[in-house]
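So the chains spell out like this:
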Amino acid sequence: LHYPLRRQRQMCIRDRAHGGSLVFYASVMQAMGKGRVVGIDIEIRPHNRVAIEQHQMAPLISLIEGSSIDNSTIEKVKQHVRPGEKVLVILDSNHTREHVKAELELYAPLVTVGSYIVACDGIMQDVVGAPRTQPDWATNNPQYAVKDFLSLYNNFESVSYTHLTLPTKRIV
């Protein structure tokens, strides 16, 4: 992801748990001298919110609490995007095919031409049968959601670096 990150001015991230990804990407933005991070989570625990808001990277982080596929959440995210900014979206939450496809469809319009929307954890289909996995992961996963999305939208193309992440580049 180094190449796309160099060109970004803003990132929208669907973060989970403690906010470590938000802080990491905010530090990358700071090192580049531009950009900020918008983190979305269905529940931001009070102690995590306090820790993020007190972190030295806090000025570069905006938090939105809500479902990543709720219309009110999407509207809040849109308010953070300024005209002319480049936007990279990283999807890393509920990894079901249906949910990831919905996220792809909702966040794709925010992605600027030449930038990316990344659906994380595409490896799910490859680990079916391992401990703590589910049999339906063979098709109920981000890789299948990306395939579904690309079959409907021709202004994106798949750029697969690994099975762990599935960057989808906006070309039009």
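Worth saying up front: this structure is predicted, and the values here are computed from it rather than measured.

Q: An account of unusual backbone geometry is requested, with residue identities and associated values reported.
A: Residues apart from glycine generally show negative phi values, whereas peptide bonds are mostly found in trans. One non-glycine residue, Asp 121, lies in positive phi territory at about 70 degrees. With respect to the secondary-structure elements, Asp 121 resides in the loop between strand S5 (116-120) and helix H6 (142-152). Its identity is not glycine, yet Arg 132 carries a phi of approximately 65 degrees, on the positive side.

Q: Break down the packing of helix H5 (residues 97-107) against H6 for me, with residues and values.
A: Packing of H5 against H6 leaves a shortest axis separation of 8 Å and a crossing angle of 45 degrees. Between H5 and H6, the angle is such that the two are oblique. H6 is crossed by H5, and the crossing has right-handed handedness. Contact with H5, carried on its side by Arg 97, Val 100, Lys 101, Leu 104 and Glu 105, involves Pro 142, Tyr 144, Ala 145, Val 146, Asp 148, Phe 149 and Leu 152 of H6 and no other residues of that element. Classifying every residue of the contact of H5 with H6 gives eight nonpolar, no polar and four charged.

Scoring rules and cut-offs
Residues numbered from 1 in each chain as written. Predicted model: local features only at pLDDT ≥ 70, side-chain atom pairs only at ≥ 80, totals over all residues. Heavy atoms only, no water. Helix = DSSP H or I, 4+ residues; strand = E, 2+ residues; numbered from the N terminus. Axes fitted to C-alpha atoms, helices over the stretch in contact; angles between N-to-C directions. Parallel < 35°, antiparallel > 145°, perpendicular 65-115°, else oblique. Left-handed = near helix turned anticlockwise from the far one by under 90°. Contact = heavy atoms within 4.5 Å. Nonpolar A, V, L, I, M, F, W, Y, C, P; charged D, E, K, R; others polar.

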